[in-house]
Amino acid sequence: MDIASAFTFTYNASQALALSASVIGVAISLVTAWALCTAIRATQKRSRVTELRGPKSTSLLLGVSKELFESPDTGAIFEAWSKEYGVAYEIPMIYGQKRIILCDPKAVAYFFSRDTRSYVGTPGHKASVVRTIGKGLLWAEGESHRRQRRSIAPSFNSAAIRKLSPAIYKTVEKLKAAWEAKMDASGSESVVLDVHKWMSYVSLDSFGIAGFSYDFGSLDGKPNSMISVLDAFGAPSTPNIWDNFVHLLSLFFPIVLNVPTSRGKMVAKLSARMSEMCDVLIDTTTKERDRGSNEQGSTISLLLKAEDEDSGQRLTREEILAQIRVLLIASYETTAITMTWALLELAQHPDIQTKLREELSSFGGEISYDQLTTGLPYLDAVVQETLRVHPAAQDRVRQANDDDIIPLSEPVQTKSGEVVDSIAVERGTVIGISIPCINRSEAIWGPDAKVFRPERWLEADGLTQKAQEVKGYRHLLTFSDGPRTCIGKLFAITEAKMVLAVVVKNFVLDMRDGLDTKIEMSKGIKLRPKIAGEDGIKVPLKLRQFRG
């Protein structure tokens with residue numbers, strides 16, 4: 001029965017009921033018509049949409065959301081499902097909502113290439129971004145996103161990072177001096193330090209000086225309210241069922257963000273502190289610019305310059321504040337997590353650490369930007385492998401803005417048993433991509449996908465054909481892809497290389513409790529490693545000076 005026939009049937013029924021003067025009967029017939037038409041429309045839509053297979057719901061209310069939310073390694077879960085259901089499948093989420101998961105390089109490349117236009121942020125994600133950061137690059141879509149990114153891009157191109165690299169190096173040298181002072185004070189040949197804390201501090205300070213012309217003083221131990229609130233927000237908290245439930249619910253129903261929770265209070269405090277700091281940074285940079293003393297072209301000065309230009313690339317003050325908030329969190333959290341993982345892997349693999357030190361020993365004095373970029377292949381391989389195995393970002397979830405056909409590199413079987421090489425999605429469909437799944441998938445990277453092996457980046461056949469089909473930066477999704485590729489990736493990579501170069505050249509890193517030490521995952525702003533049994537998010541490693 002089509003919609004016209006349904007209305008004819010309902011009309012005739014209504015006429016009959018009206019003759020009997022039954023008001024209740026007429027109401028029932030109208031409700032029946034609405035339900036019938038709705039069902040027909042749903043059936044017609046389903047006929048245009050590919051019905052994919054996938055895991056069964058483990059909860060009537062939550063679907064599989066609870067398992068994913070609580071898992072320390074969602075990538076492994078998504079990979080297991082892809083082995084069972086294919087490179088594209090559907091998972092049940094909270095309150096009966098569905099999400100399509102893509103684990104196929106071709107589909108992922110297609111999806112990312114249309115980000116910000118055909119695929120946009122979900123209402124829950126956008127509401128959370130506005131609440132924490134503001135209406136900047138992470139929030140914007142379409143033309144707004146293109147305009148903001150075009151304005152910000154000059155701050156993060158290779159020429160800009162080259163100019164900033166001496167400032168980064170000076171900050172890393174401060175880290176080296178601080179560690180040497182700790183060793184001298186201990187009176188011992190070795191000292192145990194929480195490297196995650198130190199990586200957070202060196203990352204924040206280096207970007208503060210290079211990007212903002214502002215010294216946060218983290219490495220000097222200066223009290224700073226910004227550092228305190230970032231520490232508190234990033235630290236794992238005691239499990240709170242109410243907070244977790246509200247947070248999970250808010251991803252699907254943004255209005256829930258208004259429900260009071262301890263996490264919500266922390267977000268508000270973080271946002272307030274970041275706003276205060278942003279005002280200080282903007283005012284300081286403006287004064288320096290007016291005096292003509294800001295000659296290096298810091299990131300914030302370039303952002304302010306973009307704001308001042310009377311062109312389509314102008315950034316509003318609100319947009320500039322949002323960009324600065326993103327940079328503060330990224331420098332303190334995301335880059336620090338990557339560097340912490342790199343130090344952990346080197347401590348767990350003494351042979352890799354020794355090989356890297358041998359390469360670094362061939363350079364004396366300050367390592368230049370060009371040397372970091374092209375002159376240290378094994379350092380590059382170590383950083384690339386760290387980014388592959390330990391991506392700081394876990395997933396990308398977007399919503400289809402239009403009906404679309406997503407191509408696949410290999411066929412999948414639908415619920416009806418049909419085999420298809422593309423999937424049809426309708427407007428409003430939520431699509432997810434697991435970054436650790438793609439980065440560590442055995443189907444993409446081969447049987448040693450879970451192994452930390454930098455040599456794969458140096459060998460002629462080190463990358464499988466399937467891995468080379470991944471279109472992200474250097475075949476990784478760590479920095480996302482498409483229009484939303486991380487704009488600060490060159491800064492992050494340069495900083496990570498510089499830190500590893502100075503640290504490994506001057507210190508020997510060991511696991512404090514031996515190579516069998518268990519490492520756990522902890523949830524703060526992002527997932528980060530911690531040593532099992534340690535309070536908070538500590539990653540204590542044993543350090544001793546390298547004597548040559």
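Residues numbered from 1 in each chain as written. Predicted model: local features only at pLDDT ≥ 70, side-chain atom pairs only at ≥ 80, totals over all residues. Heavy atoms only, no water.

1. A closer look at the confidence of the model for the protein chain
Averaged over every residue, the pLDDT of the protein chain is 84; the share at 70 or more is 86%. Below a pLDDT of 50 lies the segment residues 1–27, which in the model reaches 21 contacts outside its immediate sequence neighbourhood of four places, other chains included. (pLDDT = per-residue confidence, 0-100. Contact = heavy atoms within 4.5 Å.)

2. Side note on the packing of helix H8 (residues 158–186) against helix H21 (residues 489–506)
Orientation of H8 relative to H21, taken along the N-to-C sense of each, is 35°, at an axis distance of 9 Å. Considering only the axes of H8 and H21, their crossing is right-handed. Along the contact surface, H8 presents Ser 158, Ile 161, Leu 164, Ser 165, Ile 168, Tyr 169, Val 172, Glu 173, Leu 175, Lys 176 and Trp 179, while H21 presents Leu 490, Phe 491, Thr 494, Glu 495, Met 498, Val 499, Val 502, Val 503 and Asn 506. The class makeup of the residues in the contact of H8 with H21 is 13 nonpolar, 4 polar and 3 charged. (Axes fitted to C-alpha atoms, helices over the stretch in contact; angles between N-to-C directions. Helix = DSSP H or I, 4+ residues; strand = E, 2+ residues; numbered from the N terminus. Left-handed = near helix turned anticlockwise from the far one by under 90°. Nonpolar A, V, L, I, M, F, W, Y, C, P; charged D, E, K, R; others polar.)

3. Examining the environment of Ala 140
With respect to the element layout, Ala 140 can be found in the loop between helix H6 (123–132) and helix H7 (142–152). Once the C-alpha coordinates of Ala 140 and Thr 116 are considered, the two residues, 24 residues apart in sequence, prove to be 7.7 Å apart. Beyond its immediate chain neighbours, meaning those up to four positions away, Ala 140 contacts His 145, Gln 148 and Arg 484.

4. Digging into the packing of aromatic side chains
Going through the model one piece at a time under the given rule, you end up with 11 aromatic pairs. Aromatic pair Phe 111 and Tyr 119: ring centres 5.0 Å apart, planes at 45°, arrangement tilted. Residue Phe 111 is classed as buried on the basis of its relative accessible area, which comes to 0%. Among the aromatic residues, ring-to-ring pairing joins Phe 78, Trp 81, Tyr 85 and Tyr 89 into one connected group. (Phe/Tyr/Trp six-rings, centres within 6.5 Å; stacked < 30°, edge-to-face > 60°. Buried < 20%, exposed > 50% of the residue type's maximum accessible area, 1.4 Å probe, protein only.)

5. A closer look at the nonpolar core
Counting 124 residues, the largest nonpolar core has Leu 102, Trp 179, Met 199, Ile 324 and Leu 543 as the members making the most contacts within it. Counting residues per element, this core draws most heavily on helix H14 (residues 317–348), at 17 residues. Ignoring sequence-local partners within four residues, the contact set of Met 199 consists of Leu 175, Trp 179, Ala 336, Met 339, Thr 340, Leu 343 and Val 499. Residues Leu 62, Ile 91, Ile 94 and Phe 252 belong to the second largest nonpolar core, which totals 17 residues. (Core = buried A, V, L, I, M, F, W, Y, C linked by side-chain atoms within 4.5 Å.)

6. So, the environment of Val 192
In this structure, Val 192 sits in strand S4 (residues 190–194). Val 192 sits in the partly exposed class, given a relative accessible area of 40%. Placed 352 residues apart in sequence, Val 192 and Arg 544 show a C-alpha to C-alpha distance of 8.9 Å. Setting aside chain neighbours within four positions, we find Val 192 in contact with Arg 512, Pro 540, Leu 541 and Lys 542.

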